[in-house]
Every structure is written in structure tokens, then in C-alpha cells.
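Take a look at the letters that make up each chain.
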Amino acid sequence: MDEEIKKEEEVVIEETELDRCSKEREEYLDGWRRAKADLINFKKEEAGRLAGFLKNGNENIIKDLITVLDSFELGIAATTEVNPEVMKGMILIKNQLEDALRRHGTEKLEVKKGEMFDPARHEAIGEMHSEYPDGSVVEEVEGGYLLYNKVIRASKVRLSKGEINNK
Amino acid sequence: MAKILGIDLGTTNSAMSVMDGGEPTVLENQEGNRTTPSIVAMSKTNERLSGLLAKRQAVVNPKNTIFSVKRLIGRKFSDVEVQRDSKWLPYEIKESASGGVDVKMGDRWYTPEEISSMILQKLKADAEAKLGEKIDEVVITVPAYFDDSERQATKNAGEIAGFKVRRIINEPTAAAFAYGANKMKNEKIAVYDFGGGTFDISVLEIGYDAESKEQTVEVRATGGDTHLGGDDLDKRVIDYLVSEYKKQEGIDVSKDPLATQRLKEAAERAKHELSTSLETEINIPYITSDATGPKHFLIKLTRAKLEDLVRDLIDRSIELVKEAVTAQAPKGAGMKLEDINEILLVGGQTRMPAIQEAVKNLFGKEPHKGINPDEVVAMGASIQAGILQGDVKDILLLDVTPLSLSIETMGGVATPMIQKNTTMPTAKTQVFSTAADNQTSVEIHIGQGERPMMADNKTLARFILDGIPPSPRGMPQVEVTFDIDANGILSVSAKDKASGKSQSVKIEASTSLNKEEIERLKQEAAAHAAEDEKRRIIIEIKNQAESMIYVSEKGVRDAGEKVPAELKESIEKKIATLKEVKEKDDADAIKNATQDLSAELQKIGEIMYKDNKETPAAGEPKDAGEEQGTQ
């Protein structure tokens, strides 16, 4: 009889031990699976990040080049009395620079006189009276640019304050 | 489980971060930027704008564009600070019914809490869009000097924005968390925060209660100037440039908005550039024009000049630091400067070398500056969020290798197999070859340390793999595998791919170096870095020379009678010269002799090709096998 009780006790102990081991095994297996899944997910995220980086990684250099393009445009606009061929050459160089930027995903923002101010694309730098409705764009002072649909520079614009009342 | 957002709600800019995979990650906003201007506006078309969009219309809508609302939140209208600010803020404020402040935007009056909540709402929406999940909980940071009412008002702002505010924590504490302070015990930390519009200094004391096993962070003193910031520095630079231009050209460009804008951008860029270079050129073609035609702007700005322009502002910040640390309570912490264990730099302006230098000189020790100073507070807030969520509690502690584990290769060089700080368990396999012809055994010498020469590192084990079939050098492929298990036990095995023979060794103590020993080895590596590098280069050059000698001897041998006697003699002479200089440590001489020999050797190739052309073999790559042999 005693012997049987002892055996039963042993069985109970072994079962508890087995339970503990099974639970531990589950925990470990779960941890291992999670670690593997984490790594796979990390790799996927990293690939996405890298793709984003390759796309937008040159944003800073493009911004710098846009500043050069601004100066170029101002330069061409200020040039008078010059040999037409020289002028044509200057414009071709400017086009070259614009094409290079376009090839790398840069696009100029279109701004039309009289369109309503949109802070998602425009940055207001001043106001003036004009024939256009109050709050609409009168003049683009500096061009804005998109890089793969992200506004990397808003176009700087002057807005209309409406017509002068006494006019 | 939904993530808890950490938000640094700043006076000028805000930032947000979440814990991702156990690490704080800064989130970009909808516009793709990592910081968001803390600005809200009611546009002329009665549209509510927040962040960058609000900033873009500020010039034409100053009365309805609310910025710096953090200066007003939770304060009484009668506060000296509020009175002072009301004089320069372009929007309207008035005393509220409860004695607080009300702000006018559009045709309505708002509390500063409501305005702040609009910024928080934008951050919430942008974070949700970025993460693709709903976010309900938040940790928001506030300056250490904020009183109960300012903290409560900030909390209210969070709740109005739809968050459950899990905690309001101090900005310097958040910064300290980002630098790992949540694992520190008994340290005194000074946090120097030079932001866009404000300067704060905080002295923290981190304690540890052994009984409750809890860390305590006590703010011992705060100080600063709410009207000193990076914007003041920018203004100094712009004013200087305008006055210089006036001197040069007699034109005041500050009247022209586009010229001012271009100048402002150029000045900011110059300031950033001068953090890493000593001189920069501010070049703005066609900035303006007068009766004589277009005018350009070209001025050189040196780092010394920049520092000269802002020296008094830096000095002022340093005086405030001194006061906060050394003055007796309640003005300061009543400590000595040398009592401070760690100094943390926060705020974009602390990238300026002159500021880092001034802080270093004051405390006599290097400040921490590894983390992006614009993002460090937000990152700390998300670490606090992670602690609340139970994320920052390493369930599975994974150790790292404290020092690199290397194998000795030709010339006594220690070639790292597992770099230091690699998370364990890990394994790495690499194929090596023999250094001499008919070499039938290789010695695998395993070492630990950062020095490039094996002799300077600690040897862990050596064993010999023999039974490699005799073959020319470089031909046998010996695959060596380093494997460290989670307990830091390193197993190294080497296997000859041709014979299949292998040998291995198990090293139990690869990571059991004590802290002092690791530190000593690291310091030695740092101290000898320069001379070690020189030695490594010499060995590399010598190895190249040896390869060249081997290739030349083989080339002459293989070409046999095809090589004219004179050329053969000349090559042999050059081989002898190289062998002689190789024994000395003159890198240039060895390099020259190697190049000489290489040039001479090419003549064999020319002759062989010529021969091939003379006996056309229908373009058969007859020499392919030979070429492979020399690799």
C-alpha cells in the first residue's frame, strides 16, 4: 500500500515537473519564434527604410542645387544687351540643370496668378494690393519644388490684399 | 498593445518618438520632417492650420498665428513674464475670467491649453498615420521649472487633444533617460539645453533606493533665460551681414523681403557649416540691384568671427550654469562644479563648437553629445513611455562581446572574426589559405583585443590543423568558424575543404574578462592607435611585396624560354632588391620596389600576348588556367 502511495506521489511530482518543462518549452519556443520573426520584420523594415533613403537621401544636395538654379534664373532675368547666342547658351545650361534635377525626381511647383493661397505648397512672404481676390497669389518670388511628391521647398509668394478701396 | 507616444512639446518646435523594437525612434510628421513648428493659426479662409503650414502663412497673418504659447500656458495674466511677453507677441492676449491668459485667434478667444492641444492633435494624427494604428496614450515633457499649474495645464492640453496623459516628465530627465540614466545610480547630472528660443540649465541628482529597488530623479536646481536661444544667434549673424553689405555697397538689403529671406537661409546654412569647418563663404548672386545694375553678395565668414559675434550670449549661458550649480538653494544646487558627474547637451544650438568648448572648460570634462540634440528629449519621453508599458525591461538579456575576437594571419596581423559589441549568440565563418607553397599545416591562433597585431592582444588558444595536401600557396581552402553561444563560450573550428580534416577548440573564458581588464585593453588600443596603424600599413605593404615576389618568381618560371634573358635578369635583380628592402621598415621604399617589379613583370605579359597573336589559336582562352593559378 505504502509502496503504491509513494509511486503515485512520484508520478505526481514527475507530472508537475513535466508541466513545468512543457511550459518552459512553450515559453522558449515562443521566444525563439518571436526573435526570428523580429529579425525578419526588421529586415523588411530596413529594406523599406533603405528604399526611402535612396529616394529622399539626396534631398539636401537637391536643395543646395535649387539655390544655384535660383541664382541662375535671377542672373538670366537681369541680363540685358548680350549676344543672343551667349544668352541662348545660358538658357541651355539652366535647362541642363533643370533636366538633371528632374531625372532625380525633382519637379517644379506650378503657381498661377490669382490661385488661392495653399500653405501646403506656398509660403507667404508679403502682401500687396492687386486686382486679384484677397488672399490669392499675385506673384511668385521664388520657385517651389517637389521631390517625389514631397514639398522640399514651398514656393515663396506675395499675396493679394484686394484692390485699394479708394481706387 | 497600442504604443504610447513620447512628445517633446517645445516652445519653438516639437518632436515625437515611440519605442520600436526596444529602441526609441523619432517619427516624421506628415510633411516628412522630424520636428514640427509649435505654431497654430486660423487662416484668412477660416481654416485651422498647425505646424509648418501655419508657419508658412505667419508673415501675412500675424494676428491669427499663435506661436510660443508655451510661454503662457498655466500662467496668470498678471505674471511679470506674461506682461513682458505681451509687449512683443503679435497676437492679442487678455486676462481670462479665472485670472489666467486667453489668446485671440480668428474671431474666438482660446485658452493656451486649447492652442497647445491643437499642436498635440496634429502630432497625434501624424503619428497614427505613420504607424498605421491608433494612439491613445502619451508622455509629454515640460521644463523642469514648470510649476504645478503649468504642468496641469499641459496635461489638460493632452487630454483635450484626445490623449490619456500617462505622465508629464521633466525635459532634462527625459534627456538623461535617452543617455541611459534610467540605469544609473547615484549620479549628478547637469543638462545644458540651448533651444531655439529659450535656454535652460537643470541639475539632476539620480538616486537609488536599495530597499524598494526604485530609482529617483530629483531636480536639484534649475536656471536659464526664457529669452535666450538659437534665434538670437541667427539674428546676430544676419545683422552683421546686412551691416557689412551696407558698408561695401551702400545698400540696405533688410528692406527687401526676398533678399532678407535669402540672407536668412544663407546665414543659417553658414552657421551650421561653421560647426564643422573653420571658414565659409556666403555667396548670394543677384541679391538686389541699383541704378548701375545687379548686385551680388559675397562675404567670407570665419568661425572666429561668428564666435566673436555671439560670445556674450554664450558667456551669459555659462554664467547661468555656474549660478544654477554653485549658488546656495533655492537659487542653485549648492554644489561644486566638480561634483557634477555627467553633462548632457540638448538643443540644436549645442552643435556649435564654441558652446561645447565653453561647457567643457567650465566643468573640466567632456559633455555627452552623441544623440541628436533636437530629438533627445522626445526620445527620452518615449523611453519613459516604454518603461510604463513594460517595453524597457529586458526580458531576455542578450550580452555583447566586450572585445573583438581575431585570428592571426600573414605577418602577425590580427584579423577580426567577431567584432567587439556584437550581440551573442553569433557565429562567423571565413575561408583562409596558406602563405607558402606546399604548406601542409596551418596554425590557428585565436586572440582577443583591439590591437591590429596579434602579439599585442590576449591569446585565447592555439591549435594546429595538419594533413593539408601539398599545393601552391593560396590554393588550399581552410574554413574557420567562430561560434559564441549565449553563455559566452567560444568554439573555433578549422576544416580543410580538400581533405575534409578538421580540428576544433572550445574556450570557456572568452567573455569572462573583468571590467578592469576590458577597460585596460580598450585603453591600450586607443593609446597605441596611431603607431598600430603605422605598423599595420607596413605589414600590409610587406605582404603585398611578398605576394609580388611570389608572383614574379612563378611568372618567370612558367614563362620559361619565352622570356628574353635580359628581361629575366632584370626581373631577378628587382626581386633581389625587393627582398632586401622588405626586411627594413621603410614603407615608401618597399612600395617603390614593389611597383618597379610590377612594372617589369608586365613586360612578360606583353611578350606572352604578342606570342599568342603571332600563333592565332582562334581566340581560345589558353592562359585562363595559368591566370587562375596566380590568384
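This structure is a prediction, so every number in the text was calculated from the model and none was measured.

Focus on the overall build of chain B
So, step 1. The secondary structure content of chain B amounts to 15 helices and 26 strands.
So, step 2. Looking at chain B as a whole, 36% of its 631 residues qualify as buried.
So, step 3. Put simply, of all contacts in chain B between residues at least 6 apart along the chain, 63% involve residues at least 24 apart.

What about the overall build of chain A?
So, step 1. Tallying secondary structure elements over chain A gives 3 helices and 6 strands in all.
So, step 2. Contacts in chain A between residues far apart in sequence, at least 24 positions, make up 62% of those at least 6 positions apart.

A closer look at the sheet that holds strand S21 (residues 426–432) of chain B
All names here are of chain B.
So, step 1. Taken together, 4 strands build an open sheet; the order of strands is S21-S24-S25-S26 and the sheet is antiparallel. Either end of the sheet is taken by a strand with one partner, and the two such strands are S21 and strand S26 (502–507). Averaged over neighbouring strand pairs, the angle between their axes works out to 10° when direction is ignored.
So, step 2. In the sheet, strand S24 (residues 478–484) pairs with strand S25 (residues 490–496) via 7 bridges, with the strands oriented antiparallel. Its bridge partner being in S25, Phe 482 is matched across the sheet by Val 492.

Examining unusual backbone geometry
So, step 1. Positive phi, close to 70°, is recorded for Asn 149 of chain A, a residue that is not glycine.
So, step 2. Given 8 C-beta atoms within 10 Å, Asn 149 of chain A falls into the exposed group.
So, step 3. Backbone geometry at Asn 46 of chain B places phi at a positive 60°, although glycine is not the residue there.
So, step 4. When you line up the elements, Asn 46 of chain B lands in the loop between strand S5 (40–42) and strand S6 (48–50).

Regarding the environment of Asn 543 of chain B
Residues and elements named next belong to chain B.
So, step 1. Mapped onto the elements of the fold, Asn 543 is located in helix H12 (residues 529–559).
So, step 2. We classify Asn 543 as partly exposed; it has 16 C-beta atoms within 10 Å.
So, step 3. Taking the C-alpha atoms as reference points, Asn 543 and Ala 435, separated by 108 residues in sequence, lie 9.8 Å from one another.
So, step 4. Residues contacting Asn 543, with those up to four places away along its chain left out, are Met 410 and Gly 411.

Side note on the nonpolar core
So, step 1. In this structure, Ile 7, Ala 175, Ala 190 and Tyr 192 of chain B are the most contacted members of the largest nonpolar core, which totals 105 residues.
So, step 2. If we skip the residues at most four places from it in the chain, Ala 175 of chain B touches Val 191, Leu 344, Val 346, Val 376, Val 377 and Gly 380 of chain B.

A word on the sheet that holds strand S1 (residues 106–108) of chain A
Residues and elements named next belong to chain A.
So, step 1. If you trace the 3 strands from one edge of the open sheet to the other, you get S1-S4-S5, paired in antiparallel fashion. Unpaired on one side and paired on the other, S1 and strand S5 (150–153) mark the two borders of the sheet. Strand-to-strand twist in this sheet, taken as the mean axis angle between neighbours without regard to direction, amounts to 35°.
So, step 2. Sheet topology note: the strand S4 (residues 145–147)/S5 ladder contains 3 bridges and is antiparallel. Its bridge partner being in S5, Leu 147 is matched across the sheet by Lys 150.

Remarks on helix H1 (residues 2–56) of chain A
So, step 1. Over its 55 residues, H1 of chain A runs 79 Å from end to end, which matches the ideal 81 Å to within 8%, given 1.5 Å per residue.
So, step 2. The element H1 of chain A is largely exposed, with a buried count of 0 among its 55 residues.

Topic: the confidence of the model for chain B
Residue and element names in this part refer to chain B.
So, step 1. Considering every residue of chain B, the mean pLDDT works out to 87; 94% of them sit at 70 or more.
So, step 2. Considering only residues more than four positions removed or in separate chains, one finds that residues 616–631, a stretch of pLDDT under 50, has 6 contacts.
So, step 3. Reported confidences for the modelled complex are a pTM of 0.70 and an ipTM of 0.73.

Comments concerning the pairing of strand S11 (residues 137–142) of chain B
All names here are of chain B.
So, step 1. Of all 6 residues in S11, 5 are buried, a share of seventy percent or more.
So, step 2. Where S11 meets strand S12 (residues 164–170), 6 bridges bridge the pair, whose relative direction is parallel. In the sheet register, Val 142 faces S12, and the bridge partner there is Asn 170.
So, step 3. For the segment spanning S11, helix H4 (residues 148–160) and S12, crossover handedness is right-handed.

Some details on the packing of helix H5 (residues 171–178) of chain B against helix H10 (residues 376–389) of chain B
Residue and element names in this part refer to chain B.
So, step 1. Close contact between H5 and H10 brings their axes to 7 Å; oriented N to C, the two are set at 80°. The orientation of H5 with respect to H10, classified from their angle, is roughly perpendicular. Only Val 376, Val 377, Met 379, Gly 380, Ala 381, Ile 383 and Gln 384 of H10 make contact with H5, whose side of the interface consists of Glu 171, Ala 174, Ala 175, Ala 176, Phe 177 and Ala 178.
So, step 2. Its residues assigned to classes, the contact of H5 with H10 comprises 10 nonpolar, 2 polar and 1 charged.

As for the interface of chain B and chain A
For an interface, size is often stated in terms of accessible area lost upon the parts coming together.
So, step 1. With 18 residues of chain B at the interface, the matching set in chain A holds 23 residues.
So, step 2. Looking at side-chain class alone, the side of chain B that touches chain A contains 10 nonpolar, 6 polar and 2 charged residues.

What about the packing of helix H2 (residues 59–78) of chain A against helix H3 (residues 84–103) of chain A?
Residues and elements named next belong to chain A.
So, step 1. H3 packs onto H2 with a crossing angle of 160° between their chain directions and a minimal axis gap of 11 Å. In terms of orientation, H2 lies roughly antiparallel with respect to H3. The handedness of the crossing between H2 and H3 is left-handed. Contacts from Ile 62, Leu 65, Leu 69, Phe 72, Glu 73 and Ile 76 in H2 reach Met 90, Ile 91, Lys 94, Leu 97, Glu 98 and Leu 101 in H3.
So, step 2. Across the contact of H2 with H3, the residue classes break down as 9 nonpolar, no polar and 3 charged.

Here we look at the environment of Ala 494 of chain B
Residue and element names in this part refer to chain B.
So, step 1. Tracing the backbone through its elements, the reader meets Ala 494 in strand S25.
So, step 2. Residues Ala 494 and Val 505, spaced 11 residues apart in sequence, show a C-alpha to C-alpha distance of 9.1 Å.
So, step 3. Once residues within four sequence positions are removed from consideration, Ala 494 is found in contact with Ile 444, Leu 465, Val 478, Val 480, Ser 502 and Gln 503.

Definitions and limits used
- Residues numbered from 1 in each chain as written.
- Chains lettered and ligands numbered in written order.
- Predicted model: local features only at pLDDT ≥ 70, side-chain atom pairs only at ≥ 80, totals over all residues.
- Helix = DSSP H or I, 4+ residues; strand = E, 2+ residues; numbered from the N terminus.
- Buried ≥ 20, exposed ≤ 12 C-beta atoms within 10 Å, placed from the backbone.
- Contact = placed C-beta atoms within 7 Å.
- Pairing = 2+ DSSP bridges.
- Axes fitted to C-alpha atoms, helices over the stretch in contact; angles between N-to-C directions.
- Core = buried A, V, L, I, M, F, W, Y, C linked by C-beta atoms within 7 Å.
- Expected span 1.5 Å × (residues − 1).
- pLDDT = per-residue confidence, 0-100.
- Right-handed = clockwise from strand over helix to strand, strands pointing away.
- Parallel < 35°, antiparallel > 145°, perpendicular 65-115°, else oblique.
- Nonpolar A, V, L, I, M, F, W, Y, C, P; charged D, E, K, R; others polar.
- Left-handed = near helix turned anticlockwise from the far one by under 90°.

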